[in-house]
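A look at the structure
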Amino acid sequence: MTAALLTGAPLAGRVAVVTGASSGIGAATALRLAELGANVAVLARRKDRLDELTASIGAAGGTAIALPVDVTGRQSVNDTADQVAERLGTADLVVNNAGVQLISPIIDLRQDDWQHQIDLNITGVMNVLGAFLPHLTTAAEAGRPADLITTSSIAATRILEKFSVYSGTKAYISHLTRLLRVELGPRNIRVATIEPGMVDTELPSHVTDPDASALMEALLTEITILPTAQAV
């Protein structure tokens, strides 16, 4: 059985925002959305990475702008939302993807790591939601598609040793999505979350606990590379 891929430009005319776009899932998502015709604003802290990404999108014929921002700063994210409106228009597709994974035994009391994950994985997500929900509401009220997609993790539901704080932040996101769907669905804003399993990105490199690092490296070696899907 062959998976079908979207082709053409079904997202033409849409304005997409992707956070955590400097690498991994965020960067790949931004590239794909631009390939499908969306004008994309890419957000992350690392300006050099964002500039490389927008250059790649431009070289492929797409449109993208780089907006460096730390999503843990509420006012900075609000200002960035204003820049998106000024430069691209009202955002109608928001991929709330920024996050960090710092795995360690809870008894190690790495409270700085706990707080960093809470700040980025929860507070950052809420800051982006607060800044761009008015965009999505405007789009929906105008009869346009409006989509809010948040990146959670399979860790939101699986019981994994040493993942306590990270898993807790992702469980927050997954349940938040269910609650937002109740409130925003009637307003014609589509709400979804994705819960990836192990993905070969730089995220595991942030882990400092040797045992947890070894576990994640072992899991990566077990990833089965799926055959390239053919477009239909």
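It should be noted that the structure appears before, not after, this text.
Description of the structure in this document.

What counts, and where the lines are drawn
- Residues numbered from 1 in each chain as written.
- Predicted model: local features only at pLDDT ≥ 70, side-chain atom pairs only at ≥ 80, totals over all residues.
- Heavy atoms only, no water.
- Salt bridge = Lys/Arg side-chain N within 4 Å of Asp/Glu carboxyl O.
- Helix = DSSP H or I, 4+ residues; strand = E, 2+ residues; numbered from the N terminus.
- Buried < 20%, exposed > 50% of the residue type's maximum accessible area, 1.4 Å probe, protein only.
- Core = buried A, V, L, I, M, F, W, Y, C linked by side-chain atoms within 4.5 Å.
- Pairing = 2+ DSSP bridges.
- Axes fitted to C-alpha atoms, helices over the stretch in contact; angles between N-to-C directions.
- Contact = heavy atoms within 4.5 Å.

According to the stated counting rule, one finds seven salt bridges in the structure shown. Its salt-bridge partner being Asp92, residue Arg144 comes within 3.0 Å of it at the nearest N-O pair. Separated by 52 residues along the polypeptide, Arg144 in the loop between helix 4 (111–141) and strand 5 (147–151) and Asp92 in the loop between helix 3 (74–87) and strand 4 (93–96) bring together distant segments of the chain. Where Asp147 meets Arg190, a salt bridge forms, and the shortest distance between an N and an O atom there is 2.7 Å. Here Arg190 lies in strand 6 (residues 190–194) and Asp147 lies in strand 5, a separation of 43 residues in the sequence. For Arg190, a relative accessible area of 47% gives the class partly exposed. Counted as one network, the salt bridges with shared partners bring together Arg14, Asp92, Arg144, Asp147 and Arg190.

Positive phi, close to 55°, is recorded for Leu109, a residue that is not glycine. Looking at the element boundaries, Leu109 is found in the loop between strand 4 and helix 4. Of note, the phi angle at Lys162 is positive, near 75°, even though the residue is not glycine. Here Lys162 lies in the loop between strand 5 and helix 5 (164–184). Its relative accessible area of 18% is what places Lys162 among the buried residues.

Our next topic: the nonpolar core. In terms of nonpolar packing, the biggest core is built from 32 residues, with Val17, Ala41, Val84, Val94, Phe132 and Leu148 touching the most fellow members. Secondary structure elements with two or more residues in this core: strand 1 (15–19), strand 2 (39–44), strand 3 (63–68), helix 3, helix 4 and helix 5. Counting residues per element, this core draws most heavily on helix 4, at eight residues. Counting 20 residues, the second largest nonpolar core, distinct from the first, contains Val18, Ala66, Leu93 and Val95.

Let us now look at the sheet that holds strand 3. Strand order in the open sheet formed by six strands is 3-2-1-4-5-6, and the pairing between neighbours is parallel. A strand with exactly one partner marks an edge of an open sheet, and here the two such strands are strand 3 and strand 6. The mean angle between the axes of side-by-side strands here comes to 15°, regardless of whether they run parallel or antiparallel. Looking at chain direction, strand 1 and strand 4 are connected through three bridges and run parallel. Opposite Val18, over in strand 4, you have Val95 as the bridge partner. Its contacts with the sheet place helix 1 (residues 24–35) against strand 1, strand 2 and strand 4, and it is angled at close to 170° to strand 1. This element, helix 4, spans strand 1, strand 2, strand 4 and strand 5 of the sheet and lies at about 175° to strand 4.

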